[in-house]
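Single-letter residue listing:
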Amino acid sequence: MRTAITNCNLIDGLSDSPTHNVTVIIDDRNIVDVVPGSTIKTSVDKTIDCDEGWLLPGLWDVHAHLGFPGPPPEEIINRVIYYGNNAMKAMHNYGVTGLRTVGTDNWIDVAWRDAFASGEFVGPRIFAGGHFLTTTGGHGLRWPFSKECDGPVGFAKAIREEIKHGVDQVKLNLSGGIMGPDWDRHWHSFLLPEELDAAFRLCRQRDVKVVSHAANTQSVKDALRLGTWTLEHGYIMDDECIQLLLEKNTIYVPTLGITHLSPTQATNDWENQYVQSRNIAPEFLARADAASPEHQMWFQTALKKGVRMALGSDLGPLGEGTLLEMGLWVRDGATPMQTIRAATKGGAETCGQESVLGTVEAGKLADLIVVSKNPLEDITNLRSLQMVFKEGSMVKSNHPS
């Protein structure tokens, strides 16, 4: 089926400026042409008038947990349904067409990845990470997706289990975090050198990308020197960390929401609603407030120096967290265009899909969204979602026509 989407303002994920009055031609699953004007010079089966709406690539969130907001249901069947429903809401309600999961228990993300890919269920693309591999007494133990490992053999066994169950990447926890018990602090590193060496060596041997939770200077440097694909959080860094990110061409996923969303820092209704709904313990909020200025500084430094970055929220509900994180990027100094690019082209690159997704250009799969208001004027205009397309099929429409 050949479809023309006309009368669009296009943000293609590549250009520094939008293109006005554009027609995008889709043939079955793929974009086949992007042409100026609204006059269609080829035969099409269907025409969709955007009414001067803003067409973008579908959004990505590359630091996602299907169980957020929790706690998830205890019964495994209800948990599977809950996780899948969260993912579907992210696409239908917020335009998130791609998710990279970095902590999901029982490999439920692998199951939903395959279910969505089969076409039997309509949901976002999932790049599944399975469990979050940490140490005994490591970070994130209050969540069911955390798996405690110890020693080189323990980490090797856990990684092999993840590979056996079909994950797309392996998540390693190198440090503490903001939200955890007193013995779980973001300035503490957790893995021993021999554990790090074994874990990274095995992932290299099996050609599996590593996602590194690394919150302090030492853990960041360990991850970068050992060849992590992406660096998550980076609350505390130094100039050498930034230099290594540049030298290794590593993707940095800053997850600003973890340190920036508190009652004292919220700046709009959506942020206030999130803070109130999460009901975060006062001691965690205090830790977030204390860590926020330095986290902001290193984000701004990475942005200024040209570090590769992608947008991941580590927040829930899925989709809402994505838009909150995008707002925080702009608040911390990124332009709306830089932020959109991080959540589109950057997401596709993070998941190794840049040849087929992440931008609006001929030859790419037609994962697209349309919003009614200009997100370059105000990033929160992404909330004016009108349409969502996955592989050329419209899966959601609020369009009045």
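Before reading further, recall that the structure is shown in the block above.
**A word on the overall build of the protein**
Part 1 of the argument: A count of helices and strands for the protein gives 12 helices and 17 strands.
Part 2 of the argument: On C-alpha atoms alone, the protein measures out to a radius of gyration of 21 Å, which is about the 21 Å that the 2.2 N^0.38 rule sets for 401 residues.
Part 3 of the argument: The principal-axis extent of the C-alpha atoms belonging to the protein is close to 65 × 45 × 40 Å.
Part 4 of the argument: Out of the 401 residues in the protein, the part that is buried amounts to 60%.
Part 5 of the argument: Residue pairs in contact within the protein that sit at least 24 positions apart in sequence constitute 67% of those at least 6 positions apart.
Part 6 of the argument: Per element, the accessible surface of the protein, about 15,600 Å² overall, is 49% carbon and sulfur.
Part 7 of the argument: Computing the positive centroid from 36 side-chain charges and the negative centroid from 49, the protein places the two 3 Å apart.

**Side note on unusual backbone geometry**
Part 1 of the argument: For the peptide bond that leads from phenylalanine 68 to proline 69, omega is -5°, which places it in the cis range.
Part 2 of the argument: As for its placement among the helices and strands, proline 69 is situated in the loop between strand E6 (59–64) and helix H1 (76–94).
Part 3 of the argument: Across the junction of glycine 316 and proline 317, the peptide omega takes the value 0°, indicating a cis bond.
Part 4 of the argument: Within the secondary structure, proline 317 is located in the loop between helix H9 (282–305) and helix H10 (320–331).
Part 5 of the argument: Backbone geometry at glutamate 52 places phi at a positive 65°, although glycine is not the residue there.
Part 6 of the argument: Here glutamate 52 is to be found in the loop between strand E4 (46–49) and strand E5 (54–57).
Part 7 of the argument: Here threonine 255, not a glycine, exhibits a phi torsion of approximately 45°, which is positive.
Part 8 of the argument: Note on placement: threonine 255 falls in the loop between strand E14 (251–253) and helix H7 (257–260).
Part 9 of the argument: Look at threonine 255 and you get buried, because its relative accessible area is 0%.

**A closer look at the environment of threonine 217**
Part 1 of the argument: Within the fold, threonine 217 resides in helix H5 (residues 217–226).
Part 2 of the argument: Taking the C-alpha atoms as reference points, threonine 217 and aspartate 239, 22 residues apart in sequence, are found 9.7 Å from one another.
Part 3 of the argument: Not counting chain neighbours up to four residues away, the residues in contact with threonine 217 comprise Ile236, Met237, Asp238 and Cys241.

**A word on the pattern of salt bridges**
Part 1 of the argument: Counting across every chain of the model gives 22 salt bridges.
Part 2 of the argument: Residue glutamate 162 pairs with lysine 147 through a salt bridge whose shortest N-O separation is 3.4 Å. Pair noted here: glutamate 162 is in helix H3 (residues 151–164) and lysine 147 is in strand E10 (residues 146–149), with a separation of 15 residues, a long-range link. Assigned by exposure class, glutamate 162 and lysine 147 land together as buried.
Part 3 of the argument: Where glutamate 161 meets lysine 157, a salt bridge forms, and the shortest distance between an N and an O atom there is 3.0 Å. In this pair, glutamate 161 and lysine 157 are both assigned in helix H3, four residues apart and thus about one turn of the helix distant.
Part 4 of the argument: Classification of glutamate 161 by relative accessible area gives partly exposed; the value is 23%.
Part 5 of the argument: Members of the salt-bridge network, linked through shared partners, are Arg29, Arg125, Asp367 and Glu391.

**Re the sheet that holds strand E12 (residues 209–214)**
By definition, the strands of a sheet pair up through backbone hydrogen bonds, in either a parallel or an antiparallel sense.
Part 1 of the argument: Strand order in the open sheet formed by six strands is E10-E9-E11-E12-E13-E14, with parallel pairing between adjacent strands. Whereas interior strands pair on both sides, the edge strands pair on one side only; in this sheet they are E10 and E14. The sheet shows a mean angle of 25° between the axes of neighbouring strands, direction not considered.
Part 2 of the argument: Pairing of E12 with strand E13 (residues 230–233), which is carried by four bridges, proceeds in the parallel orientation. Each residue of the ladder has a partner; that of serine 212, found in E13, is leucine 231.

**As for H1**
Part 1 of the argument: Over its 19 residues, H1 extends 26 Å from the first C-alpha to the last, a length consistent with the 27 Å expected when each residue adds 1.5 Å.
Part 2 of the argument: Those residues of H1 lying buried are Arg79, Tyr83, Gly84, Asn86, Ala87, Ala90, Met91, His92 and Tyr94.

**Notes on the packing of helix H4 (residues 193–205) against H5**
Part 1 of the argument: Relative orientation of the contacting elements H4 and H5 amounts to 35°, with a least axis distance of 10 Å. You can see that H4 and H5 cross each other, and the crossing is right-handed. Of the residues in H5, those touching H4 at Leu196, Phe200 and Arg204 are Asp222, Ala223 and Leu226.
Part 2 of the argument: Among the residues making up the contact of H4 with H5, the classes are represented as four nonpolar, no polar and two charged.

**Description of the side chain of glutamate 162**
Part 1 of the argument: The class for glutamate 162 is buried, based on a relative accessible area of 1%.
Part 2 of the argument: For glutamate 162, the side chain forms a polar contact with the side chain of lysine 147, separated by 3.4 Å.
Part 3 of the argument: Ignoring sequence-local partners within four residues, the contact set of glutamate 162 consists of Trp107, Gly129, Gly130, His131, Leu133, Lys147, Val167 and Val170.

**Here's the deal with the packing of aromatic side chains**
Part 1 of the argument: Throughout the structure, instances matching the rule amount to nine aromatic pairs.
Part 2 of the argument: Here phenylalanine 68 and phenylalanine 145 contribute two aromatic rings whose centre-to-centre distance is 6.4 Å and whose plane-to-plane angle is 55°, an arrangement assigned as tilted. Here phenylalanine 68 is found in the loop between E6 and H1, whereas its partner phenylalanine 145 is found in the loop between strand E9 (132–135) and E10, with 77 residues between them in sequence. Here the two residues phenylalanine 68 and phenylalanine 145 agree in accessibility, since each one is buried.
Part 3 of the argument: For the cation-ring pair, lysine 209 lies above tryptophan 229, with the distance from its terminal atom to the ring centre recorded as 4.0 Å.

Conventions we followed
Residues numbered from 1 in each chain as written. Predicted model: local features only at pLDDT ≥ 70, side-chain atom pairs only at ≥ 80, totals over all residues. Heavy atoms only, no water. Helix = DSSP H or I, 4+ residues; strand = E, 2+ residues; numbered from the N terminus. Rg over C-alpha atoms; globule rule 2.2 N^0.38 Å. Buried < 20%, exposed > 50% of the residue type's maximum accessible area, 1.4 Å probe, protein only. Contact = heavy atoms within 4.5 Å. Areas by Shrake-Rupley, 256 points an atom, 1.4 Å probe, with all protein chains shown as cover. Lys, Arg positive; Asp, Glu negative; His and termini not counted. Charge placed at Lys NZ, Arg CZ, Asp CG, Glu CD. Salt bridge = Lys/Arg side-chain N within 4 Å of Asp/Glu carboxyl O. Pairing = 2+ DSSP bridges. Axes fitted to C-alpha atoms, helices over the stretch in contact; angles between N-to-C directions. Expected span 1.5 Å × (residues − 1). Left-handed = near helix turned anticlockwise from the far one by under 90°. Nonpolar A, V, L, I, M, F, W, Y, C, P; charged D, E, K, R; others polar. Polar contact = N/O pair within 3.5 Å; in protein donor to acceptor, adjacent residues only side chain to side chain. Phe/Tyr/Trp six-rings, centres within 6.5 Å; stacked < 30°, edge-to-face > 60°. Lys NZ or Arg CZ within 6 Å of the ring centre and 35° of its normal.

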